[in-house]
Amino acid sequence: MSSSAPEHAASAPQCLQLNRFGQLRHFLSIEGLSRELLTEILDTADSFIEVGARSIKKVPLLRGKTVVNLFFEPSTRTRSTFELAAKRLSADVLNMDIRTSSTSKGESLLDMLRNMEAMASDMFVVRHAQSGAPHFIAQSVTPNVAVINAGDGRHAHPTQAMLDMLTIRQHKGSFENLTVAIIGDILHSRVARSQIQALRALGTPEVRVIAPNTLLPAEVERLGVKVYRDLKQGLKDVDVVMTLRLQKERMESALLPSEAEFYRLYGLSAEKLRWAKPDAIVMHPGPINRGVEIDSEVADSPQSVILNQVTNGIAVRMAVMSMAMSGQMAEMAASQEVRP
Amino acid sequence: MKLEIIGGRLIDPSQGLDRETDLYVEDGRILALGERPAGFVADRTIQAQGCLVTPGFVDLCVALRSKLNARMATELKAAVKGGITSVCCPPDGSPINDTAAVTSLLREQARDLHLARVFPVGALTQGLQGEQLSEMFGLKAAGCQMVTNMRRPLGNNRILRRCLEYARTQDLTVGFCPEDYSLAVDGCVNEGFTGTRLGLNGIPAVAETLAVAEALLLAEDTGVRAHFFQISTARSVELIAQAQQRGLPVTADVAIHQLLLTDSVLDSFDSSYHLHPPLRTERDRDALRQGVRDGVIQAICSQHQPLELADKQAPFAETVPGMIGLETLLPLTLQLVEEGVLELQRAIEALTVGPARVMGLELGTLEPGRPADISVIDPECQWVLTEKTLLSACKNTPFLNQSLTGQVRYTLVDGRLVYEAESK
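**Side note on the overall build of chain B**
Helix and strand counts for chain B come out as 14 helices and 19 strands. Its C-alpha radius of gyration of 21 Å places chain B within 12% of the 22 Å reference for a compact globule of 424 residues. Along the longest, intermediate and shortest principal axes, the C-alpha atoms of chain B span 65 × 50 × 45 Å. Counting over 424 residues, chain B shows a buried share of 62%.

**Focus on the interface of chain A and chain B**
In this assembly, 27 residues from chain A lie in contact with 18 residues from chain B. Here chain A meets chain B over a buried area of about 1900 Å², counting both sides, of which 60% is carbon and sulfur. Between the two partners, chain A and chain B, sit seven residue pairs in polar contact (both at pLDDT 80 or more). Those elements that place two or more of their residues in the side of chain A that touches chain B are helix 1 (12-17), helix 4 (109-118) and helix 5 (133-140) of chain A. The element that contributes the greatest number of residues to the side of chain A that touches chain B is helix 5 of chain A, accounting for four residues.

**With respect to the domain arrangement of chain A**
Residues and elements named next belong to chain A. Its domain assignment divides chain A into domain 1 (12-156 + 311-338) and domain 2 (158-306). Relative to domain 2, the C-alpha centre of domain 1 lies at a distance of 27 Å. Contact with domain 1, which involves 32 residues of that partner, is made by 27 residues of domain 2. At the boundary of domain 1 and domain 2, one finds four salt bridges. The partner of R35 in a salt bridge is E176, and the shortest N-O contact between them spans 2.2 Å. Where domain 1 meets domain 2, there are ten residue pairs in polar contact (both at pLDDT 80 or more). In terms of residue count, the dominant contributor to the side of domain 1 that touches domain 2 is helix 2 (residues 35-53) (nine residues).

**Concerning the pattern of salt bridges**
Considering all chains together, one arrives at 35 salt bridges over all chains under this definition. For K226(A), the salt bridge identified is with E206(A), shortest N-O distance 3.6 Å. Taken together, the positions of K226(A) in strand 7 (residues 226-228) and E206(A) in strand 6 (residues 206-210) put the pair 20 residues apart, joining distant regions of the chain. D267(B) is the partner of R197(B) in a salt bridge, and the nearest nitrogen-oxygen pair spans 2.8 Å.

**Quick look at the domain arrangement of chain B**
All names here are of chain B. Each assigned domain of chain B is listed with its residue range as follows: domain 1 (2-53 + 372-420) and domain 2 (56-358). Contacts between the two partners involve 38 residues from domain 1 and, on the opposite side, 41 residues from domain 2. Summing both partners gives a buried area of about 3100 Å² for domain 1 against domain 2, and 65% of it is carried by carbon and sulfur. In this structure, the connection of domain 1 to domain 2 is made through two salt bridges. Seen at the junction of domain 1 and domain 2, the total is 16 residue pairs in polar contact (both at pLDDT 80 or more). Every element with two or more residues in the side of domain 1 that touches domain 2 is listed here: strand 1 (2-12), strand 2 (17-26), strand 17 (374-384), strand 18 (403-413) and strand 19 (416-420). Take the side of domain 1 that touches domain 2: its biggest share by element is eight residues, from strand 18.

**Let's talk about the side chain of N69(A)**
Residue and element names in this part refer to chain A. Position of N69 relative to the elements: it lies in strand 1 (residues 66-71). For N69, a relative accessible area of 0% corresponds to the buried category. Dropping the residues within four chain positions of it, N69 is found in contact with R79, F82, E83, V93, L94, N95, M96 and V125.

**A short note on the environment of G32(A)**
Residues and elements named next belong to chain A. Along the chain, the position of G32 falls in the loop between helix 1 and helix 2. Classification of G32 as buried rests on a relative accessible area of 19%. Each C-alpha atom, one on G32 and one on L109, is 27 Å from the other, the two residues being 77 residues apart in sequence.

**Points about unusual backbone geometry**
P287(A) follows G286(A) through a cis peptide bond whose omega is -15°. Relative to the elements of secondary structure, P287(A) occurs in the loop between strand 9 (281-283) and helix 12 (296-299). A cis amide bond, omega -5°, links S94(B) with the succeeding residue P95(B). As for its placement among the helices and strands, P95(B) is situated in the loop between strand 7 (84-89) and helix 2 (100-113). Its identity as a non-glycine residue notwithstanding, A120(A) has a phi of 55°, on the positive side. Assignment of secondary structure puts A120(A) in the loop between helix 4 and strand 3 (123-128). Residue classification places A120(A) among the exposed residues on the basis of a relative accessible area of 52%. A positive phi angle, near 50°, is found at H114(B), a position not held by glycine. Note on placement: H114(B) falls in the loop between helix 2 and strand 8 (117-120).

**Here's the deal with the environment of Q305(B)**
All names here are of chain B. Here Q305 is to be found in the loop between strand 16 (299-301) and helix 11 (309-312). For Q305 and F229, which are 76 residues apart along the polypeptide, the C-alpha to C-alpha distance reads 14 Å. Leaving out residues up to four positions away in the same chain, Q305 has contacts with A63, P321, G322, M323, I324 and N396.

**With respect to the pairing of strand 1 of chain B**
Note on strand geometry: in a regular strand, side chains alternate between the two faces of the sheet. Residues and elements named next belong to chain B. Judged by how many residues are buried, strand 1 sits mostly within the fold: nine of eleven residues are covered. As judged from the nine bridges shared by strand 1 and strand 2, these two strands associate in the antiparallel manner. Counted as the bridge partner of I11 is D18 from strand 2. The hairpin formed by strand 1 and strand 2 contains four residues between the paired strands, and G16 there has a positive phi angle of roughly 60°. With two bridges connecting them, strand 1 and strand 5 (residues 52-55) associate as parallel partners. In the sheet register, L10 faces strand 5, and the bridge partner there is V53.

About the criteria used
- Residues numbered from 1 in each chain as written.
- Chains lettered and ligands numbered in written order.
- Predicted model: local features only at pLDDT ≥ 70, side-chain atom pairs only at ≥ 80, totals over all residues.
- Heavy atoms only, no water.
- Helix = DSSP H or I, 4+ residues; strand = E, 2+ residues; numbered from the N terminus.
- Rg over C-alpha atoms; globule rule 2.2 N^0.38 Å.
- Buried < 20%, exposed > 50% of the residue type's maximum accessible area, 1.4 Å probe, protein only.
- Contact = heavy atoms within 4.5 Å.
- Buried area = accessible area lost by both parts, 1.4 Å probe.
- Polar contact = N/O pair within 3.5 Å; in protein donor to acceptor, adjacent residues only side chain to side chain.
- Domains from an automatic or database assignment.
- Salt bridge = Lys/Arg side-chain N within 4 Å of Asp/Glu carboxyl O.
- Pairing = 2+ DSSP bridges.

Structure follows, in structure tokens:
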């Protein structure tokens, strides 16, 4: 049985993300993006994988453009892959570590953005602890700056989801016949939300979430997933197993009794992985808590595609950045044409 | 000063009145309806053909004060432009209204402005800290009809129970903004599908209903009159209806936006919809509408909350909840009538005598002998809400640039014309 159709409302985020030609101009969320557009991102990313294999790993698509990494939350990995992606596209990159600069001095987010704009930035890559911060930034900045969401609160992590989709497509060919299970802390996970939306938009017939009630958001089934509380039942006939990072804070906020009990019920061991299909692949967005959500034996096994995910991360971010920049430029050109 | 209002459609739910007739005002009071009293010669005649003539509106929740503490004049101008002749203002702001001195100051400030009447609601505990009883006798003597701790938590239920016992002793109504603090503390939207999609922390419906249930039990136990401010859930309506059926002195109001909107409007993280209590589901909205129709909910209020631009310019959860509402209360209520949600009589009742009775005021009526607080309304007038036309000092409303129907032509307080629309 397939999961029920996902619900999503109206078009506001979609309108914000697309230019008048339906091309990407910001990349804020998977929600509202068409299957065709997501496939275009994957195809474009595929073409960039080859760039990474060359001895000279650069293409000139963003030459002369300035990309600012606005990271309001620490993240070495995501920031590094964005930086690398921008540099491979020949952009100039500025890394802003916001905790040590402006907002801690009481400068408002808006004032800080105006300063960044004044430096003639062309693209903001935004990581923020608040859901919706990249939307707010995209609505507040001058229209010629493209905004890429590098993870906002619990809301979305669309580039992570797309690199996961690329990895799945590489290993499984397509999405039409897949059963995918996402295990663990769905409640706090921006990754899970974006994965679910991407999987459903790309035609995956069955997406499952497996977690105790304390780690499931309200009415999660309306995202188009089937809910399982039991790992064994949830992994039956599954082609792709997606694990999530479990934060230590969850034990302190009365959501879980202990890491040990979580591991016992939901931690992915080699033995439990056998409940899924024999050729199931195992994914994790990193960084891994070995022995909590996943065992070393599984993380390092042939079924694990975790390192492919990392490699694909650069290609997907190159794809999204180049597409958003060209969509942004097309929009600017068109808006200048209509002016007298 | 003698004044007559001629040819309007008088709607006064306090008398079950809905007919075309004339109204006469003398010395600040309603003199008569219908036939012109013998020897009455008006100093001023208001032609009200095609207009509704209603008692002035009583708004149970209007934040007049901010950190700047200088908003009373602008906000009361906005009130009378919206046909609102009495505003009840919550005790927060600076200083907190927990003493007779603050209450008296607020009332004096309002009196000097000669706009709408102001009825300060007192603090239930000193500084709203939830620990020590406020001087309720003094508050009442200075003019408070009601005390509340707003959405601030009480130290524990023993303190709350004692507050209720003492309020009962002073014959004060206790206003509850029902919300379990620990269940709501991190939230900014309704806990449900919209919050899940947007990754925003939810305030579950049970945060409100748990507090309603607890307050009802303690109110029953202490015998105090209880009023629930701005309820937002279907289950709250049910619990309050049950208490009323059992004869408990319990009333409730609802914010106009809760009767119109649901959390589905939050799509693009629009902070103008960041409200507290949050917008809920269609089911909740429908139950609230039914609650107003059935009379479980006595009053519709604006829950007017003026906020600076910067308060709303941030990622959603970091913005300040609230919207302004004085100038949209009437047209939005008329929209509910137009959509068939409410009968006109019932809608006007919930803006006039309904809230007046909640506050124990002899207002909200056109009965001869009562103070002449009157709104004359053109119900067909279409207009567009813009930042320019808003009199409120703040512009935080999601209804900006929308076309609204229904506008106040004249507002009278104590028989004095305090607002007159520019003639078209």
